[in-house]
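# Residue-level structure breakdown
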Amino acid sequence: MKVLFVSPQGSNIYAKMKVGLPPLGIAYLAAVIREAGHSVKIIDRAIERKPMTPDDFMPFDLIGISADTPRYPEALEIAGAAKKSGKMVIMGGYHVTFLDKEALETGVVDIIVRGEAEEIMVNLLKALENHDDLNEVKGISFVQDGKLIRTPAAPPPRDLDALPFPARDLLPMDKYTSMMAGLPLVNLITSRGCPFNCYFCSSSKFGGLKWRYRSAKSIADEMEILYHDDGYRAFAFMDDNFTLSKRRVMEFADELEKRNMDDIIWWCFSRVDILIRNEDMVKRMAESGAFQIFLGLESHSEETLDDYGKNIGNKEQDQAIALLRKYGINIHGSFIVGDINETKALAMQTARWVQKVNPRIAQFSILTPYPGTALYQDVEREGRFLHKNWALYDALHATVKTDGMTPDEVQKMLIKDYRMAYLNKNRIVHPPKLHPLVKLRLKDLHAKQSGLKKIIKPLSFFGTFWLEMQHTKPKKLRAKTQKQNTRNIRLKADGHDREGLDLSSLEKETHMVNGMYRDEL
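### A look at the overall build of the protein chain
- Each helix and strand in the protein chain was counted, giving 21 helices and 16 strands.
- By residue count, 56% of the 521 residues in the protein chain fall in the buried class.
- Considering only contacts within the protein chain whose residues lie at least 6 apart along the sequence, 75% involve residues at least 24 apart.

Spelled out as structure tokens, the structure:
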């Protein structure tokens, strides 16, 4: 079959700032189904931004669209355009895995693939080609005779080493501009699944509680191709638990050494509790080029950390920070504002602590109830949703009624957090120090560590971020939503009124795109 995969651009601040990396989820799918004998093309709307026309869809048998929550509205628009061209539409990703009924009710999506899709897609395409019964394909949802069908869940791929590398040759790799320390950055995924099941994260539900990982050799093999064929020297490991196995990290460092890849730098996610238990691992990471580690520090309030179920406190956080500083590894700290019980005083406590910690990157997010999380279920049960304008579920906009602050106060606090973290004397006078080996690597690679660009880029980002916040204040959004909703216009998929799907037995609701009723796609 001829398959077109589309990765929506999204409408949030990151899309506007062109901050992004290649969509590896779709690239993995493309590689797997190509290996199974199908023809495939990828359109990444973050790069190819021209409007999609019927000509884009015409050569293909079906259209596959990825949909996380903030990009779901655009995914529906693409789906509507594809349906107008007479194509079958398959949608996958986090959002529709957990809200399949909502997507199918629109009438513009034929099949939902739930969870990790590589093996499901191969089985689905085979069934479609052979006109087999779709009820026999695990891991999909669809409508049959007016009823929602959810087939049993499919197990995720177990042997990740057996998967082909992502089909980066189908992506415009030269158009991605993400950098680290002045070097072009490329992303990889080395493991899936998460045993921690955090309150505000859906990774454990999407990929399962069992941690599945690639071998150190497989990771180094992929890196070696990117290193020699494409010239990359900066690598980002995007999986949640890169450091979960100390043995694997040590083997990974050995593989890099064995292959003489001693002129690279890399970035990964880790956890406070794992780092402080494994100082020898941290030391080895620094020696092998670890430039920066992402830590979900979240808050400096013990009460808030307990609310998030972090099972760590301020003492452990300070230990992990000191450990990374000891070995010259930069900190990418992630912090959350807008916990249900967080007051302005507690939020300011965290903001002042971030100033003191002075991480190389401070990333602030508003607590957002993504589908599939325990947080989402609690917010739904307690009636705390401000709206379901999915495009604004980007962790930069208030979506929940909290007890400690108003929605406007939460968004103002987010702006204040960024201003305090980046526009302060401590950041200028005490820049984070690098491990001597990393400094030497950067010097040999001629990485640009200073200059006017280093000052202009953060200021430009902050300016765009501030303007976005002014346009999307909760009060303005509520007024706009109420005005739109009074029109009570049903979603149209083909330019004409349609009854939609008969899902009355599932308490069918009138569908809204972007949290508001729309005239047409």
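Once the structure has been displayed, the description carries forward.
### Here's the deal with the pairing of strand β12 (residues 234-237)
- Alternating residues of β12 divide into Ala 234 and Ala 236 and Phe 235 and Phe 237, and every residue in both groups is buried.
- Both strand β9 (residues 183-188) and β12 contribute to a ladder of four bridges, which runs parallel. Note on β12: the bridge partner recorded for Leu 185 is Ala 234.
- When β12 meets strand β13 (residues 265-270), the two strands line up parallel, connected through four bridges. Following the sheet pairing, Phe 235 is matched in β13 by Trp 266.
- At this point the chain moves from β12, through helix α10 (residues 246-258), to the parallel β13, and the crossover so formed is right-handed.

### Thoughts on the environment of Ile 26
- Turning to its location among the elements, Ile 26 is positioned in helix α2 (residues 24-35).
- Using a relative accessible area of 5% as the deciding quantity, one classes Ile 26 as buried.
- Taking C-alpha positions, Ile 26 is 7.8 Å from Ile 42, a pair spaced 16 residues apart along the chain.
- Those residues in contact with Ile 26 that sit more than four places away from it in its chain are Phe 5, Val 6, Ser 7, Ile 42 and Ser 66.

### A few points about helix α16 (residues 374-382)
- Inspection of α16 places Leu 375, Tyr 376, Asp 378 and Val 379 among the buried residues, and these make up the whole buried set. With its buried residues spanning 165° around the axis, α16 presents them on a single face.
- Within two residues after α16, Gly 383 carries a phi angle of roughly 65°, on the positive side.

### Let's talk about the confidence of the model for the protein chain
- A residue-level look at the protein chain finds 83% of positions with pLDDT of 70 or above and a mean pLDDT of 87.
- Confidence drops under pLDDT 50 across residues 485-494; counting only partners more than four residues distant or on other chains, this segment forms 31 contacts.
- Below pLDDT 50 for its whole length, residues 496-521 participates in 77 contacts with residues either more than four positions away or in separate chains.

### Structural notes on the nonpolar core
- With 86 residues, the main nonpolar core has Phe 5, Met 121, Leu 124, Met 223, Phe 235, Phe 237 and Trp 266 as its most contacted residues.
- When near neighbours in sequence (up to four residues on either side) are disregarded, Leu 124 contacts Ile 90, Ile 111, Val 113, Leu 134, Val 137 and Ile 140.
- Ranked by size, the runner-up nonpolar core spans 37 residues in total, among them Ile 63, Ala 82, Leu 99 and Val 108.

### Concerning the side chain of Arg 384
- Tracing the sequence through the fold places Arg 384 in the loop between α16 and α17 (407-422).
- Taking relative accessible area as the criterion, Arg 384 reaches 15% and is therefore assigned buried.
- When near neighbours in sequence (up to four residues on either side) are disregarded, Arg 384 contacts Ile 340, Val 379, Thr 399, Val 400, Lys 401, Thr 402 and Asp 403.

### Details of the pattern of salt bridges
- Evaluation of the coordinates by the stated rule reveals 34 salt bridges.
- Between Arg 271 and Asp 273 there is a salt bridge, with its nearest N and O atoms 3.2 Å apart. Grouping residues by exposure puts Arg 271 and Asp 273 together as buried.
- Residues joined by salt bridges that share partners form a network here, namely Lys 217, Asp 221, Glu 224, Glu 255, Lys 258 and Arg 259.

### A closer look at the packing of aromatic side chains
- The final tally for this structure, using the stated rule, is 18 aromatic pairs.
- Three or more aromatic residues joined by ring pairs form one cluster here, namely Phe 335, Trp 353, Phe 364, Tyr 418 and Tyr 422.
- Residue placement shows Arg 248 over the ring face of Phe 242; its charged tip is 5.2 Å from the ring centre.
- Arg 271 extends its terminal NZ or CZ atom over the ring of Phe 196, reaching a point 3.6 Å from the ring centre.

### A closer look at α2
- For α2, which comprises 12 residues, the first-to-last C-alpha distance of 16 Å matches the rise-based estimate of 16 Å (1.5 Å per residue) to within 8%.
- Within α2, nine of the 12 residues are buried, which leaves it mostly tucked inside the rest of the structure.
- Restricting attention to buried positions, one finds in α2 the residues Leu 24, Ile 26, Ala 27, Tyr 28, Leu 29, Ala 30, Ala 31, Val 32 and Ile 33.
- Where α2 ends, the next residue or the one after it, Gly 37, has phi of about 105°, a positive value.

Scoring rules and cut-offs
Residues numbered from 1 in each chain as written. Predicted model: local features only at pLDDT ≥ 70, side-chain atom pairs only at ≥ 80, totals over all residues. Heavy atoms only, no water. Helix = DSSP H or I, 4+ residues; strand = E, 2+ residues; numbered from the N terminus. Buried < 20%, exposed > 50% of the residue type's maximum accessible area, 1.4 Å probe, protein only. Contact = heavy atoms within 4.5 Å. Pairing = 2+ DSSP bridges. Right-handed = clockwise from strand over helix to strand, strands pointing away. Arc of directions from axis to C-beta. pLDDT = per-residue confidence, 0-100. Core = buried A, V, L, I, M, F, W, Y, C linked by side-chain atoms within 4.5 Å. Salt bridge = Lys/Arg side-chain N within 4 Å of Asp/Glu carboxyl O. Phe/Tyr/Trp six-rings, centres within 6.5 Å; stacked < 30°, edge-to-face > 60°. Lys NZ or Arg CZ within 6 Å of the ring centre and 35° of its normal. Expected span 1.5 Å × (residues − 1).

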